[in-house]
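Observations on the model geometry
Spelled out, the chains give:
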Amino acid sequence: MTSRHPRAVARGNTARTAESIGDAPGPADGQFRMPTSSARLAYVEVPDFPLAAVLRAYPELRGRPLAIVSGGGTQAVSQGPVAQRGDRAGGHAHVICASAEAGAGGIVAGLGAARARQRMPDLILQPPSLDAERCAQAAMLEVGFAFSPKVEDAGPGALYLDLGSTSGLYPGEAGVATALDTTLERLHLPCRVGVASGKTIARLAAREVGMGVKVVPPGSERSFLAALPLALLEPSPQMSERLQGWGIRTLGELSALSPTAVARRLGADGMRLLRLATGADDQPFVSAVPPPLYEEAVSFDDWTVSTLEPLLVALGQVAERLLERVRTAGLALLAVTVTLKLDPRGNDVRHLEFAAPLAQLKAIMDLARHELYLRPPPAAVAGIRAVGIPAVPQAVQGHLFAPPEPTPERLAVTLARLHALVGEDRVGAPAIPADKRPAAIASRPFPLPGVSSSPRMPAVAPRAFVPELSQPILVARVLRPPRVIRVRTVGDRPCALILDGQSQTVRSVAGPWRLRDGWWAPDPVDRDDYDVELADGRLIRIYFDRQLSAWFLDGIYG
Amino acid sequence: MPRLSAASGSDPAGVPLLSAISGLQRGSTLASPDGQLLPTGLAALDRALGGGLPTGRLTEVQAPGGGHGSLLVSLAARATSRGGTIAWIDPGGFLDIRAAQRAGAVLERILWVRPQNVAQAVRAVDLILGADGFELAILDLASLPAGAWRAQLREPGFRLDGAAWNRLVRRAQLQDIALVVASDRDLVPGVSALTLQVQLAAPIWREGEFEGASLEVSVLRRRGASGGFSGRFWLSLVNPPDPPDLRDHPGPPDSPGLFETGGRGDSAAGGIGERRVIG
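Residues numbered from 1 in each chain as written. Chains lettered and ligands numbered in written order. Predicted model: local features only at pLDDT ≥ 70, side-chain atom pairs only at ≥ 80, totals over all residues. Heavy atoms only, no water.

**So, the packing of helix α5 (residues 130–147) of chain A against helix α6 (residues 172–186) of chain A**
Residue and element names in this part refer to chain A. Inclusion rule: In this description, a line fitted to the C-alpha atoms serves as the axis of each element, helices being fitted only across the stretch in contact, and the angle between N-to-C directions of two axes falls anywhere from 0 to 180 degrees. Runs of E in the DSSP output that reach at least two residues are strands. Runs of H or I that reach at least four are helices, and both are numbered from the N terminus. Crossings are classed by handedness, with left-handed meaning an anticlockwise turn of the near helix from the far one by less than a right angle and right-handed meaning a clockwise turn. By definition, residues are in contact when any of their heavy atoms lie within 4.5 Å. In the scheme used here, Gly and all other residues not listed as nonpolar or charged are polar, with Ala, Val, Leu, Ile, Met, Phe, Trp, Tyr, Cys and Pro taken as nonpolar and Asp, Glu, Lys and Arg as charged.
Two numbers describe how α5 lies on α6: the axes approach to 11 Å, and their chain directions differ by 145 degrees. In this structure, the crossing between α5 and α6 has a hand that is right-handed. The residues of α6 that touch α5, namely those facing Met-140, Val-143 and Phe-147, are Val-176, Ala-179, Leu-180, Thr-183 and Leu-184. By residue class, the composition of the contact of α5 with α6 is 7 nonpolar, 1 polar and no charged.

**Things to note about the side chain of Asp-366 of chain A**
Rules: Residue burial is assigned from relative accessible area. The probe radius is 1.4 Å, only protein chains are included, and a residue is buried under 20% of its type maximum, exposed over 50%, and partly exposed in between.
On the secondary structure map, Asp-366 of chain A appears in helix α13 (residues 361–374). For Asp-366 of chain A, a relative accessible area of 18% corresponds to the buried category.

**Some details on unusual backbone geometry**
Here the residue pair Asp-343 of chain A and Pro-344 of chain A is connected by a cis peptide bond, since its omega of 5 degrees sits within 30 degrees of zero. Considering the arrangement of structural elements, one finds Pro-344 of chain A in the loop between β11 (332–342) and β12 (347–358). With an omega of 0 degrees, the peptide bond running from Arg-480 of chain A to Pro-481 of chain A counts as cis. Mapped onto the fold, Pro-481 of chain A is located in strand β16 (residues 476–490). With a phi angle near 50 degrees, Glu-234 of chain A is a residue other than glycine that sits in the positive phi range. Summarising the element assignment, Glu-234 of chain A is placed in the loop between α8 (221–227) and α9 (237–245). Residue classification places Glu-234 of chain A among the exposed residues on the basis of a relative accessible area of 55%. At Asp-176 of chain B, a residue that is not glycine, the phi angle is positive and equals roughly 55 degrees.

**Structural notes on the sheet that holds strand β3 (residues 66–69) of chain A**
Residue and element names in this part refer to chain A. Rules: Each pair of strands is called paired provided DSSP finds at least two bridges between the two strands.
The sheet built from 3 strands is open, its strands ordered β4-β3-β5 with mixed pairing. Across the chains shown, the open sheet's two edge strands, defined by having one partner strand only, are β4 (95–98) and β5 (124–126). For this sheet the average axis-to-axis angle between neighbouring strands, irrespective of direction, equals 30 degrees. Where β3 and β4 come together, 3 bridges link them in antiparallel fashion. Opposite Ala-67, over in β4, you have Ala-98 as the bridge partner. Helix-sheet contacts for helix α2 (residues 49–57) involve β3, β4 and β5, and the interaxial angle to β3 is about 120 degrees.

**Describing the packing of aromatic side chains**
In plain terms, the rule: Pairing of aromatic side chains requires ring centres within 6.5 Å, counting the rings of Phe and Tyr and the six-membered ring of Trp. Pairs whose planes differ by under 30 degrees are stacked, by over 60 edge-to-face, and all others tilted. Cation placement over rings: the criterion is NZ of Lys or CZ of Arg within 6 Å of the ring centroid and within 35° of the ring normal.
In this structure the tally under the stated criterion is 5 aromatic pairs over all chains. Centre to centre, the rings of Tyr-543 of chain A and Phe-552 of chain A are 5.2 Å apart; their planes meet at 15 degrees, and the pair counts as stacked. Both residues of the pair, Tyr-543 of chain A and Phe-552 of chain A, count as buried. Each member of the aromatic cluster is reached from another via a ring pair, and the members are Tyr-530, Phe-544 and Trp-551 of chain A. We note Arg-527 of chain A situated over the ring of Tyr-543 of chain A; from NZ or CZ to the ring centre the distance is 3.7 Å. Residue placement shows Arg-114 of chain B over the ring face of Trp-112 of chain B; its charged tip is 4.9 Å from the ring centre.

**Quick notes on the pairing of strand β4 (residues 85–89) of chain B**
All names here are of chain B. Our working definition: Seen with its strands pointing away from the viewer, a crossover is right-handed if its path from the first strand over the helix to the second goes clockwise.
Most of β4 sits out of view: 5 of its 5 residues are buried. Taken together, the 5 bridges between β4 and strand β6 (residues 134–140) define a ladder with parallel strand orientation. Looking at the pairing, Ile-89 lines up with Leu-139 of β6. For the segment spanning β4, helix α5 (residues 97–102) and strand β5 (residues 110–113), crossover handedness is right-handed.

**Brief notes about the sheet that holds β11 of chain A**
Residue and element names in this part refer to chain A. One open sheet accounts for 4 strands, arranged β10-β13-β11-β12; its pairing is antiparallel. Since the sheet does not close on itself, it has two edges, and those belong to β10 (294–299) and β12, each with one partner. Each neighbouring strand pair of the sheet contributes to a mean axis angle of 15 degrees, computed without reference to strand direction. Here β11 runs beside β12; their pairing, made up of 8 bridges, is antiparallel. The residue of β12 that forms the bridge with Lys-341 is Asn-347. Its contacts with the sheet put helix α12 (residues 308–328) on β10, β11, β12 and β13 (381–391), and the angle it makes with β10 is roughly 150 degrees.

**Focus on the confidence of the model for chain A**
Here is the rule we go by: The score called pLDDT rates the predictor's confidence residue by residue, from a low of 0 to a high of 100.
Summing up the model confidence of chain A, the mean pLDDT is 80 and the portion of residues at 70 or higher is 83%. Within the model, pLDDT remains below 50 along residues 452–469 of chain A, and this stretch shows 42 contacts once partners closer than five positions in the same chain are excluded.

Structure, rendered in structure tokens:
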């Protein structure tokens, strides 16, 4: 079998158009039994799935001659990550599938790896990537669930969708199928889609069209099946030869045979082919469970990344794939857990949490960059695994008479960038600290409009302890931390002090006010506060710390 | 500390202040800048400026001797109490949280960013101005320690020059955010739409208590209008009831409600955890 890259096929003879066939009179033979299933199903298949998964995970390999080889045999000749891999399987590896660029050089499935290398010296040989296939399969399932609540995992690179509940959302079944095709193409998973009544007919429709979309309208299954070539059922070579010897080349001709005769002459294999030829399903539709998390991974296998920039590039590719999947489901990312596989062993786990669901790669990578620059991995990295926690993007209804509020997503992006710029503990909404010292700092995460988990204040401030705004107050600028000063006193009242290296006479003083609190805590408050006017006109707030027996300046009025 | 009876706009003698300040009256006749105006919460200043500070523009508040803190807090209180969201970029960490709340600010509507140096502060403002929905961005660069300014020299590719300020102004204009920069020097020459100079003066002492001070406000520059005015505002130091966390502090975890805390001005309070006048 010649294996070609799916995109090459798409550009080839088969046009990517949705087509349907009209009904035609079928054989009048009473032996022809149509399936009784009335459920409309779509079969989605990514041809050459191992190749598509690798191309999705390693974008740098797109457009280059690439062959997926079995047996782990790899010998790279290109530049880049793959070039660093060694040949591990000797001469027994053979090509499973190859890209269109490799196909143009005569690389076909079944060809030995050594022979393939002879034919095309610049060929890149790559083993199947289980990580890449697992993530690609998960991405396909998520796309399926974005279209239908009933999706069956039909094995690597394939799935079935029950289209029963999607008819109102798209312009016909062809519209659904085309949208599926387009969405997967955007995820770098070119596919073919067949829509029919029943799994078998849908699968045969997809394979008959090659690449693209084919819809078999209800009632036209018989005529559709009758014209299909027998090869679509993939009979064994012996079976194929025998049937051709009988002059049977289409499914219609096969289904016209008597089941008794087929069972007697061809056995169980023959009966299975006969059932498939009539469109019968060999398995019922089994709906899968939507994945709770989104996961993308990349493994560097025989090479490692020891500097941050290449690591960020690889992480960016992983995050981009993750985000694309999340966006496909109409969601955004609330948090991402990045696990860096260290060389030779161990993991470095980073948890990136966002103020609101984010769907912007740049903001997420800003945070990741900040995180990695702040705490670089302790060893070279041999792989990346990113697990995203999805959430519904936030939307908020603005008030008609209130000033506009920040939109949650843009605010979350801004907060993420501010966190990356100045640090998470330096961004937030100020809060009244439990510690009564003026220099105490308390802040909490800045509440986002419309985010239920963050307490958002009402549009109008509570008035219980708020004076009239027409009565402005004199505010002190708080020094954090308070500055130690030297004070001369008469009795217990300051009369002069040294500030900024200069001696200052105290012109007026008010106080003291004693503040005692937290005696049970390791750092109790016990101080006497004074408001002081200095000779140079400055108004300051100082205090005497009774625990430390020292004077401090903790505020300057103005 | 005693409660102050004089309201804003009155001098200690009880004479209405505004009527005594001819400069303010003249200032009120100045033409307003284009665009919308954001009230400052200081009635006299708002009248003088024709409604408040211009949005989508840069307002510079110069405070060589301090005095801008009260103006900024009043501005924040006014904006947030109307339901607006503001950003306060505070590299010096000078914001008095309790005072801001007493002034009427809704703390949950203030995005408080405390960068570690001037370069970070300007970049933070740049990010804020790129977001939508903020009504006001305050950049407080006054009274910063020298280290905060020196740090910017080590930042690669960062220059706080006219081009940088112009970029910020353009972004503020795009989002229609009032950008207010407080400094103790002439930091943004030629870029601001409005330049105010504030000076804290004439503290008021009565019977040994510090009751308040006057704030002298001068308009140094106002785009679209010639001349300026100089006037004085009386900022009264109010003594509002203490917030609940000061009055109802739970005390140690094993003795809830046993310890009560007095508040500033609550001279009759006694016992452990009090804050009382002892002088």
